[in-house]
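Structural characterization, general
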Amino acid sequence: MSASFVAVALALPSVAHAARVPSLEGTCDLTGLGIDAPTGVVSDPVLGIGVLDGTDRRIRFMDDHCAPTGLSIQLGAYSQDPQGVGWSSTMGELAVVDATADELFFVSPGGARLGSCDLATIGSASSSGVAWDPTTSRWVVMDAGGSTAWWIDPAGRSGSTCTVTSSVVIPDGPRADDLAVDATGRLVVSDTYHRRVDTYDATGANVDSFSLTPSGDDAQGVVLDATGDRPVVVDGSKNRLARYDNRGTTTEICSVSAFVSQPRGLAVDPARGELLVLDNGTRSVARMDTSCVLAGTIPLNPAGLTNMRDVGFDPVARDLVVDDNGVDLAFVDPANGAVRSTCDVSGLGVGLAGIDVLAGLDRIALTFDVDGTWMLLDPACEPVHQRPLKPLTNGTAADIAWHPASGTLLLASSQYVVAATLEGVEARRFLLTSQLAGLVADPGDSAVVWALDVSGRLFRVELPGLVDWPGSVSGRFSNGVATIQLWERGGGALSGTAFVNGDTIPLFGQLDGAGGDLFVGGITPTGAAQVVPVTISADGATLTAPPPFGILTRQ
């Protein structure tokens, strides 16, 4: 890691502005499961995820992949307007909040009423959420007013006033539609009005919050999945269920507006530890450290470049790669701004949006925001790999970035980033809150990307999900003696190059998706064809091949 990147990392605790960055781990359409009006959700490691349908008063269960398990629980006529549901594996029963009756019903797994208590008499006028607190062995109820949470003794079920053992007022509370309770007793509250999920401790203090605005989800129901820390949100307006990973932080570092008038793209020079910002206003590239201290400017206008959308940087050739009016790619000497060479990309797509260089693979990645494609080019600008973008970002790409630590592409739209393999398979979406102008991976920290918005604000975005998901075998693997470069071509096919004992060997291969192994072939310097098995580690960080390769680590 360069000195500049280390300095920023050490300074981060003093930066005030930090927001949680949820990633969308998976969604499913509830309509196909026979659910019309989801109002609540429960989770159990054995039973799966159950969604309460307020229309037919039935809880339908599904597995982690949204496939119906066949289990369902029909609530009886005692509950006419169920707005929230909780499950206690300790008690082996459900609790259901009924908005019309202002009643908390205790329900068997078969749907039979086991008892109830009156919520209206404790001051709850619009109860909508209930969850089991494992730290106190109590039910916790909140209403849509969102100001008070009541801990209720499950033994009091005679139909009289609910037995409140404790309560907490949440200052400036949200509009609470549902809640969950984690293993430490903290309240996880879904707020449809503000489209966010908040976490509060037992004193009512807010300890975490993340917004659902970029995804557009309303949060009528929330529960923690089997891991105990991944919120599962039910959206009644979209009739869908979404699982979020709420780790990660977006930190606004600084603004480039003092010296950049029209920020259009972002790249990184790892050797210098500098970020490169394309300024279409002055037809130049600003070199700066990661706290927006200007180190220099590379003029592009003398080279005849006019209207540009993005910039990439090749750390091997030390070239800037800039588009010229979306028609040509220009390879520019960063020392003086002189164009070394150009190539015509006018026939490849419409509306060039992003450029990045896959330095370890000798490839250039482009993305287009009109016809919905992204592609890889070889050094001669010939397309070698092309995939549709529309399923990933609905054809509204803002930038593309290569993440070598996981072998994935990061496809940025205006408000979120999609991590995808080079076969075009989406892994997850990271939700952001700013309209992006540029995105680039941090070469010194595999969990960090740098983002620039259209107003010139620079963000450091920490995405732990990039580290714990081995997205692809595409990438550069080396042990200092031998090197293998691989990239997926689609359908499990791979190609690449091996460098060993001074020889360069073209490779071809096939990925065994079931076993996670590769079968790689090539022509040796003696002219003999050879096929060898290659084992991929579970985290995608190493390849193990027969001699003379051995164990190679992702670079």
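Here the structure is a predicted model, which is why all the values come from computation and not from measurement. (Residues numbered from 1 in each chain as written. Predicted model: local features only at pLDDT ≥ 70, side-chain atom pairs only at ≥ 80, totals over all residues. Heavy atoms only, no water.)

Comments concerning the pattern of salt bridges
Scanning all chains against the criterion turns up 18 salt bridges. Note that Arg195 is salt-bridged to Asp218, the shortest N-O span being 2.8 Å. One end of the pair, Arg195, is in the loop between strand S17 (187-191) and strand S18 (196-200); the other, Asp218, is in the loop between strand S19 (206-211) and strand S20 (221-224), and 23 residues separate them in sequence. Residue classification places Arg195 among the partly exposed residues on the basis of a relative accessible area of 32%. Residue Arg340 is joined to Asp333 by a salt bridge in which the shortest nitrogen-to-oxygen separation is 3.4 Å. We classify Arg340 as partly exposed; its relative accessible area is 47%. Exposure remark for Asp333: the relative accessible area of 17% places this residue in the buried category. (Salt bridge = Lys/Arg side-chain N within 4 Å of Asp/Glu carboxyl O. Helix = DSSP H or I, 4+ residues; strand = E, 2+ residues; numbered from the N terminus. Buried < 20%, exposed > 50% of the residue type's maximum accessible area, 1.4 Å probe, protein only.)

So, the sheet that holds strand S8 (residues 93-98)
Pairing is mixed in the open sheet, where 5 strands are placed in the order S7-S8-S9-S10-S14. In the strand order of this sheet, the two ends are held by strand S7 (82-88) and strand S14 (158-161), each with one partner. Pairs of neighbouring strands in the sheet enclose a mean axial angle of 20°, with direction left out of account. Judged from the 5 bridges that link them, strand S9 (residues 103-107) and strand S10 (residues 113-118) form a sheet pairing that is antiparallel. Of the residues in S10, the one forming a bridge with Leu104 is Cys117. (Pairing = 2+ DSSP bridges. Axes fitted to C-alpha atoms, helices over the stretch in contact; angles between N-to-C directions.)

Structural notes on the sheet that holds strand S41 (residues 448-453)
Read from one edge of the open sheet, 5 strands run S1-S23-S42-S41-S40, paired in antiparallel fashion. At either end of the open sheet lies a strand with only one pairing partner, and these are strand S1 (18-20) and strand S40 (436-441). When strand polarity is set aside, the average angle formed by the axes of neighbouring strands in this sheet is 25°. The sheet contact formed by strand S23 (residues 249-255) and strand S42 (residues 457-462) spans 6 bridges and is antiparallel. Within the sheet, the bridge partner assigned to Ser255 lies in S42 and is Arg457.

Quick word on the environment of Gly496
With respect to the element layout, Gly496 can be found in strand S45 (residues 493-500). Exposure remark for Gly496: the relative accessible area of 7% places this residue in the buried category. Along the sequence, Gly496 and Leu486 sit 10 residues apart, while their C-alpha atoms lie 4.4 Å from each other. Beyond its immediate sequence surroundings of up to four residues, Gly496 is in contact with Gln485, Leu486, Trp487, Ile505, Pro506 and Leu507. (Contact = heavy atoms within 4.5 Å.)

Regarding the nonpolar core
Residues Leu212, Val233, Tyr244, Trp374, Leu376, Leu409 and Leu422 are the most contacted members of the largest nonpolar core, which totals 28 residues. Secondary structure elements with two or more residues in this core: S20, strand S22 (240-245), strand S34 (373-377), strand S36 (399-403), strand S37 (408-412) and strand S38 (416-420). Considering each element in turn, this core owes the most residues, 3 residues, to S38. For Leu212, the residues in contact, after removing those within four places along its chain, are Arg195, Arg196, Val197, Asp217, Ala219, Val233 and Tyr244. In this structure, Phe477, Leu494, Val500 and Ile536 belong to the second largest nonpolar core, which totals 19 residues. (Core = buried A, V, L, I, M, F, W, Y, C linked by side-chain atoms within 4.5 Å.)

A few points about the side chain of Asp314
Along the chain, Asp314 falls in strand S28 (residues 311-314). From its side chain, Asp314 meets the backbone nitrogen of Val316 in a polar contact 2.9 Å long. (Polar contact = N/O pair within 3.5 Å; in protein donor to acceptor, adjacent residues only side chain to side chain.)

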